[in-house]
Amino acid sequence: MDDEKELDDVLKEAIKEAEEAENSRVLYEKKMRFLGRMGIVMNFMKRMKDVPPEKRPSFGKKVNAIRDRLEEAFAAFEERLKKRELENKIAEENVDVTMPGKRRKAGALHPVSLVKAELIDIFAGMGFEIFEGPEIETDYYNFTALNTPEDHPARDMQDTFYLNDKFLLRTQTSAGQIRLMEKKSPPIKMLSPGRVFRSDDDATHSPMFHQMEGLVVDEHITLCDLKGMLDEFARVMFSETSKTRLRPSYFPFTEPSVEVDVSCAACGGKGCSLCKGTGWIEVLGAGMVNRRVLENCGIDPDRYTGFAFGMGVERIAMLKYGINNIKLLTENDVRFLGQFKEEN
């Protein structure tokens with residue numbers, strides 16, 4: 001076949017196919033078929049060496065002319081298609097402003113987040129500063145510095161997730177208290193919120209939960225100061241008539257140690273199913289900071305005393321909102337979470 005005749009046929013075929021392209025993507029594919037690096041027109045350029053020398057100038061001129069013609073044609077078709085596609089898109093996206101709008105349901109803060117924020121507000125109002133330590137702790141900060149050496153039986157009180165011989169997932173935010181006491185001299189008044197981890201799982205316990213621990217160290221601090229602070233906490237968190245009581249207990253990092261009960265807000269202390277007829281509900285553990293803990297942090301226990309307390313945020317949330325299963329706090333059921341919108 002005559003090369004120039006074949007070129008004319010290619011021009012006609014390309015224009016015909018460009019006219020039939022239904023969208024920009026198809027048009028681009030057609031363009032690459034004819035004008036791409038491996039396209040039909042480029043193949044003609046590669047055939048230049050097989051054309052007789054006397055015909056090469058005219059053949060080359062013909063190929064270039066057809067390439068330019070096709071570039072112009074495809075550009076025109078592309079502009080036309082883009083304009084049509086834009087018009088179609090605008091028509092499809094046209095908004096009828098007379099149609100009623102769609103209401104978006106407002107979200108709600110998680111009850112744990114609500115209680116955490118409220119606790120921070122309460123204790124910040126008493127002058128506590130916030131300190132958040134790392135969730136991956138060393139054995140020293142999580143146990144040893146808190147008067148719990150390797151052979152101490154108190155380690156059996158907590159089932160710990162160990163990462164290796166040195167590091168673990170913290171079982172209590174008390175480790176943050178040690179870190180702060182090492183850096184700061186008394187007076188100290190700090191609150192340490194955060195997630196903690198223990199190998200424990202039932203209706204009232206979770207392997208991951210939130211804890212908030214407080215520490216006060218200064219001259220002449222007594223258990224009466226702790227009691228007065230906890231009374232204010234209970235009054236603000238639960239009700240104006242809430243009271244607290246202290247019961248003797250044991251923690252390796254406090255001496256003396258106490259369990260703290262709050263009067264049942266559901267029955268006003270008269271006795272009900274929630275408080276099991278006692279009128280009291282256990283909410284946290286506390287006590288006077290052990291002398292050895294102060295010594296481990298370089299604080300003179302003959303000059304300074306202090307108290308510490310720790311509470312589970314989930315437990316406070318369960319008591320405050322009457323939640324009977326801790327699993328509800330982690331299931332992310334929007335029907336359950338939606339009940340706390342008014343608490344925002």
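Scroll up a little and you will see the structure.
Model, not experiment: these values are computed from the prediction.

Caption draft 1: Region of interest: the overall build of the chain. A tally of helices and strands in the chain yields 11 helices and 9 strands. Relative to the 2.2 N^0.38 estimate, which gives 20 Å for 344 residues, the radius of gyration of the chain is 38 Å and therefore markedly larger than a compact globule would have. Projecting the C-alpha coordinates of the chain onto the three principal axes gives extents of approximately 110 × 55 × 35 Å. Considering the chain as a whole, with its 344 residues, one finds that 41% of them fall into the buried category. Taking all contacts inside the chain whose residues are at least 6 apart in sequence as the whole, residues at least 24 apart take part in 66%. Taken as a whole, the chain presents about 20,100 Å² of accessible surface, with 51% of it coming from carbon and sulfur. Side-chain charges in the chain split into 51 positive and 59 negative, and the spacing between the mean points of these groups amounts to 6 Å.

Caption draft 2: Local environment of the side chain of Ser257. Checked against the element boundaries, Ser257 lands in strand β7 (residues 254-263). Overall, Ser257 belongs to the buried group, its relative accessible area being 4%. Reaching out from Ser257, the side chain makes a polar contact with the backbone nitrogen of Phe251 at a distance of 3.2 Å. If we ignore the near neighbours within four places in the chain, the residues touching Ser257 are Arg247, Pro248, Ser249, Tyr250, Phe251, Ala286 and Gly287.

Caption draft 3: Broad picture of the nonpolar core. Leu119, Phe123, Phe233, Leu284, Phe309 and Met311 are the most contacted members of the largest nonpolar core, which has 43 residues in total. Put simply, the parts of the chain that give this core at least two residues each are α5 (111-124), β5 (208-218), α8 (223-237), β7, β8 (280-289), β9 (305-312), α10 (313-321) and α11 (334-337). Contacts of Leu119, omitting those with residues within four sequence positions, involve Leu191, Met212, Phe233, Met237, Met311 and Val313.

Caption draft 4: Here's a closer look at unusual backbone geometry. Across the junction of Pro186 and Pro187, the peptide omega takes the value 10°, indicating a cis bond. Backbone geometry places Asn147, a non-glycine residue, at a positive phi of 65°. Positive phi, normally seen in glycine, also occurs at Asn332, with a value near 60°. Its location among the elements puts Asn332 in the loop between α10 and α11.

Caption draft 5: Structural context of the pairing of strand β6 (residues 244-251). With 7 bridges joining them, β6 and β7 adopt antiparallel strand pairing. Bridging across to β7, Phe251 finds its partner in Thr254. The antiparallel pairing of β6 with β7 creates a hairpin that spans 2 residues between the two strands.

Caption draft 6: Molecular detail of the environment of Glu282. Mapped onto the fold, Glu282 is located in strand β8. Between the C-alpha atom of Glu282 and that of Val262, which follows or precedes it by 20 residues, the distance is 6.4 Å. What Glu282 contacts, discounting residues up to four positions off in sequence, is Arg247, Glu259, Val260, Asp261, Arg315 and Leu319.

Caption draft 7: Layout of the pattern of salt bridges. Under the definition given, this model contains 19 salt bridges. With a closest N to O distance of 2.8 Å, Arg235 and Glu240 form a salt bridge. Assessed through its relative accessible area of 27%, Arg235 is described here as partly exposed. Here Glu240 falls in the exposed class, since its relative accessible area comes to 60%. A salt bridge links Asp261 to Arg245; its shortest N-O distance comes to 2.9 Å. Of this pair, Asp261 sits in strand β7 while Arg245 sits in strand β6, and the two are 16 residues apart along the sequence. Under the relative-accessibility criterion, Arg245 is labelled partly exposed at 32%.

What counts and what doesn't
- Residues numbered from 1 in each chain as written.
- Predicted model: local features only at pLDDT ≥ 70, side-chain atom pairs only at ≥ 80, totals over all residues.
- Heavy atoms only, no water.
- Helix = DSSP H or I, 4+ residues; strand = E, 2+ residues; numbered from the N terminus.
- Rg over C-alpha atoms; globule rule 2.2 N^0.38 Å.
- Buried < 20%, exposed > 50% of the residue type's maximum accessible area, 1.4 Å probe, protein only.
- Contact = heavy atoms within 4.5 Å.
- Areas by Shrake-Rupley, 256 points an atom, 1.4 Å probe, with all protein chains shown as cover.
- Lys, Arg positive; Asp, Glu negative; His and termini not counted.
- Charge placed at Lys NZ, Arg CZ, Asp CG, Glu CD.
- Polar contact = N/O pair within 3.5 Å; in protein donor to acceptor, adjacent residues only side chain to side chain.
- Core = buried A, V, L, I, M, F, W, Y, C linked by side-chain atoms within 4.5 Å.
- Pairing = 2+ DSSP bridges.
- Salt bridge = Lys/Arg side-chain N within 4 Å of Asp/Glu carboxyl O.

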